[in-house]
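The primary structure of each chain is shown beneath.
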Amino acid sequence: MAGIWQELPRFLTWYNGIFLLNALLNTLLLSIIGCLAGGTIGLSLAIIRCARGRAMAVPRAFAWAFTEFFRRLPPLVVLMLAFFGASVARVDLTLFQVALIGLCLIATASLAEIVRGGIVSVHPNQWDSAAALNFGYLRCVLTVILPQAWRVIIPPAISFMLLFIKDTAFASQLGTLELTYAGKVLTTKGFSAALSYGTVLLLYFALSYALAGLGRRLETSIGIPADR
Amino acid sequence: MAFLQIADLSATYGRSPVLSGVSLAVEKGEVLSLIGPSGSGKSTLLRVLIGLLPPQAGSVTLAGQRVDYAVPAALRALRGRCAIVFQQYNLFQNMTVLNNVMVAPLKIKRRPRPEVEEEARALLGKVGLSAKLHAHPSELSGGQQQRVAIARALAVKPELLLLDEVTSALDPELVQEVLDIIRLLAQEHMTMIAVSHEMGFVREIATKVALMSEGTVVEIGTPAEIFDAPRSERARAFISKIIRAH
Ligand SMILES: Nc1ncnc2c1ncn2[C@@H]1O[C@H](COP(=O)(O)OP(=O)(O)O)[C@@H](O)[C@H]1O
Ligand SMILES: [Mg+2]
């Protein structure tokens, strides 16, 4: 501990502060964009996957394959696939963008599965009633099924999102500046691992804590009781 | 030709046949009561009629038009003229009573809100639920939910109303309030196919009774013919069973 106190004056510089802020911002960006893209695309995929009828067979198969594939791979492998995919396709992307795409794929697949679980949890007789009243598939999903599915979807979606913040650390493997990468850089600059990673740990914790608070507010706003 | 003509209708769940060669005719203003043992295919017949299960063979003709269940536009047209009330009410759990009744006329038929709301309030008044407009289904008794389900079905102004054992999930003391409404509809000459084992009630309102067994109609006639002088052995056995139960 005494070592950390001695390091501290040298550590607390404007330069390091801005460096860490930058890293925090990138972690936040990766998390938020990943969740937003994953939430919207995942929702769409789940809706496609639950559709019935021969006309939807191909989109349904695609949604199924996409979800199962990216949900089962380790996050790091998905990021590597995104990296090699981008270089094979010769698209010119920054490492940050490549990492972001990989993370969006992961979030999309996981959230699609969570939404699907919510959709199938709604009693099948709700579909019958809607169909008999001439509701089309999409209208039934949007006005009858999803409003009943939210309370099943939201809690696991929020816990996924909180865990997903940790997945963004894999972006460091692609050399993207985010919190984990910042910790690595600080140790190579000669700061102790305890101080460098301790700071990073605190920042992760603060981020996750703030987002968890947001999540709880969302849960109570849709009528899910707070912890019992 | 009758208003609703069902000819040689067959249907299967997966591989197992559930309906085989059902033929029935219902005239405008008639009330056809379907009776028969559990598992004889009564619910399935109603599900096929409203297009929830595609028929395997046979034909359904409504108001002179043969219904092609494989064509979405034909299915929509059919559902514009028929409505169904389920045994388990199946109200939309996320909507208030009033919205359950308004949603189809408003969102599907795209009629103006003031008009739809006025009709919905009148219908809910008719079924005795004016005090519960803003309640959610989970806050209502079974009988109240079933009355909302009837109002919801009537809101699309059906020419044919299908009723699937609408009182059999209800506590005995709640049965009458639902039967009263159906009796009222019969007096207004609503064309109905009602699956029901309430014998006294069937005798009172049905113009015709069809007895189903193992996926086919085994006997059809007036309530008096079916209940007092059943011809087939299967009909006799079933009738004596429900008489004993009452
Ligand atoms: N969803 C289903 N899947 C498979 N078989 C079913 C299903 N629903 C009903 N059946 C079968 O179809 C037959 C007729 O059922 P149903 O129409 O519900 O009879 P009823 O309404 O006369 O009691 C029964 O043998 C039942 O087991
Ligand atoms: Mg039944």
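Residues numbered from 1 in each chain as written. Chains lettered and ligands numbered in written order. Predicted model: local features only at pLDDT ≥ 70, side-chain atom pairs only at ≥ 80, totals over all residues. Heavy atoms only, no water.

Colleague: Would you explain the site of ligand 1 in this entry?
Modeller: Residue and element names in this part refer to chain B. In the region of ligand 1, the neighbouring residues are Tyr13, Val18, Pro37, Ser38, Gly39, Ser40, Gly41, Lys42, Ser43 and Thr44. In this structure, an oxygen atom belonging to ligand 1 sits 2.7 Å away from a side-chain N or O atom of Ser43. Contacts to ligand 1 include Thr44, whose side-chain N or O atom sits 2.4 Å from an oxygen atom. Isolated, ligand 1 exposes 560 Å² of accessible area, and the fraction of that covered by the protein chains is 55%. The biggest single contributor to the shell around ligand 1 is helix α1 (residues 42–49), with 3 residues. (Near = heavy atom within 4 Å. Polar contact = N/O pair within 3.5 Å; in protein donor to acceptor, adjacent residues only side chain to side chain. Areas by Shrake-Rupley, 256 points an atom, 1.4 Å probe, with all protein chains shown as cover. Helix = DSSP H or I, 4+ residues; strand = E, 2+ residues; numbered from the N terminus.)

Colleague: I tried to follow the interface of chain B and chain A on my own but got confused; where do I start?
Modeller: Much of the literature gives interface size as the accessible area that the parts lose upon coming together. Contacts between the two partners involve 23 residues from chain B, matched on the other side by 15 residues from chain A. Summed over both partners, the interface of chain B with chain A comes to about 1600 Å²; 59% of that surface belongs to carbon and sulfur atoms. In terms of surface lost to chain A, no three residues of chain B exceed Phe92, Asn94 and Ile108 of chain B, which account for 32% of the buried area on that side. One salt bridge in this structure joins Arg47 of chain B and Asp128 of chain A, with 3.0 Å as the shortest N-O distance. Listed by contribution, the elements that provide at least two residues to the side of chain B that touches chain A are α2 (72–81) and α3 (97–108) of chain B. Classifying every residue of the side of chain B that touches chain A by side-chain character gives 13 nonpolar, 4 polar and 6 charged. (Contact = heavy atoms within 4.5 Å. Buried area = accessible area lost by both parts, 1.4 Å probe. Salt bridge = Lys/Arg side-chain N within 4 Å of Asp/Glu carboxyl O. Nonpolar A, V, L, I, M, F, W, Y, C, P; charged D, E, K, R; others polar.)

Colleague: What am I meant to see in a nonpolar patch on the surface here?
Modeller: A surface patch of nonpolar side chains, amounting to about 250 Å² of accessible area, comprises Phe69, Val77 and Leu81 of chain A. Here Val77 of chain A is to be found in helix α4 (residues 75–88). (Patch = residues over 30% accessible without salt bridge, like charges linked within 9 Å, V, L, I, M, F, W, Y side chains within 5 Å.)

Colleague: Just to check I follow, could you spell out the packing of aromatic side chains for this structure?
Modeller: For any pair of aromatic rings, the description consists of the separation of the ring centres together with the inter-plane angle of the planes. By the definition in use, this model includes 9 aromatic pairs over all chains. Aromatic side chains Phe66 of chain A and Phe70 of chain A sit 4.8 Å apart centroid to centroid with 55° between the ring planes, which places their arrangement in the tilted category. With Phe66 of chain A and Phe70 of chain A both in helix α3 (residues 57–72), this residue pair falls 4 residues apart, about one helical turn. On the basis of relative accessibility, which here comes to 16%, the residue Phe66 of chain A falls in the buried class. Overall, Phe70 of chain A belongs to the buried group, its relative accessible area being 14%. Considering the side-chain rings of Phe83 of chain A and Phe84 of chain A, the 5.3 Å spacing of their centres and the 80° angle between planes classify their relative orientation as edge-to-face. Sitting over the face of the ring of Phe3 of chain B, Lys28 of chain B holds its NZ or CZ atom 4.4 Å from the ring centroid. The ring centre of Phe92 of chain B lies 4.7 Å from the NZ or CZ of Arg152 of chain B, which sits over that ring. (Phe/Tyr/Trp six-rings, centres within 6.5 Å; stacked < 30°, edge-to-face > 60°. Buried < 20%, exposed > 50% of the residue type's maximum accessible area, 1.4 Å probe, protein only. Lys NZ or Arg CZ within 6 Å of the ring centre and 35° of its normal.)

Colleague: Is there a simple way to explain the pattern of salt bridges in this structure?
Modeller: Side chains that carry opposite charge are capable of pairing whenever their charged atoms lie near each other. Enumeration according to the criterion identifies 20 salt bridges over all chains in this entry. Here Arg72 of chain A ties to Glu68 of chain A by a salt bridge, and the two come within 2.4 Å at their closest N and O atoms. Placement of the pair is Arg72 of chain A and Glu68 of chain A together in helix α3, with a separation of 4 residues, close to one helical turn. Ionic pairing is found between Arg236 of chain B and Glu233 of chain B, a salt bridge with its closest N-O pair at 3.3 Å. On the criterion of helical spacing, the pair formed by Arg236 of chain B and Glu233 of chain B is a turn pair, its members being 3 residues apart in helix α9 (residues 233–245). By relative accessible area, which is 38% here, Arg236 of chain B ends up partly exposed. Each member of the salt-bridge network shares a partner with another, and the members are Arg49, Glu68, Arg71, Arg72, Glu113 and Arg116 of chain A.

Colleague: Hey, could you run me through the sheet that holds strand β7 (residues 160–164) of chain B in this one?
Modeller: Across a sheet, paired strands are connected by hydrogen bonds in the backbone, their directions being either parallel or antiparallel. Residues and elements named next belong to chain B. Pairing is mixed in the open sheet, where 6 strands are placed in the order β6-β7-β8-β3-β9-β10. Each of the sheet's edge strands pairs with one partner strand only, and the pair in question is β6 (82–85) and β10 (216–221). Between one strand axis and the next, the sheet turns through 20° on average, direction left out of account. Pairing between strand β3 (residues 31–35) and strand β8 (residues 191–195): 4 bridges, direction parallel. (Pairing = 2+ DSSP bridges. Axes fitted to C-alpha atoms, helices over the stretch in contact; angles between N-to-C directions.)

Colleague: It is not clear to me how the sheet that holds strand β2 (residues 16–26) of chain B should be interpreted in this structure. Could you clarify?
Modeller: Residues and elements named next belong to chain B. Here 4 strands make up an open sheet; going across it, the order is β2-β1-β4-β5 and the pairing antiparallel. The open sheet is flanked by β2 and β5 (65–66), the only strands paired with a single partner. Both strand β1 (residues 4–13) and β2 contribute to a ladder of 7 bridges, which runs antiparallel. Paired with Ile6 across the two strands is Leu24, which belongs to β2.

Colleague: Looking at this model, I keep getting lost on the packing of helix α2 (residues 14–49) of chain A against helix α5 (residues 95–121) of chain A. Mind explaining?
Modeller: The angle between the axes and the distance between the axes are what describe a pair of packed helices. Residues and elements named next belong to chain A. The N-to-C vectors of α2 and α5 enclose an angle of 45°; their axes lie 6 Å apart at closest approach. Taken together, α2 and α5 sit at an angle that is classed as oblique. For α2 against α5, the interelement crossing comes out right-handed. Class assignment of the residues belonging to the contact of α2 with α5 gives a composition of 19 nonpolar, 6 polar and 3 charged. (Parallel < 35°, antiparallel > 145°, perpendicular 65-115°, else oblique. Left-handed = near helix turned anticlockwise from the far one by under 90°.)

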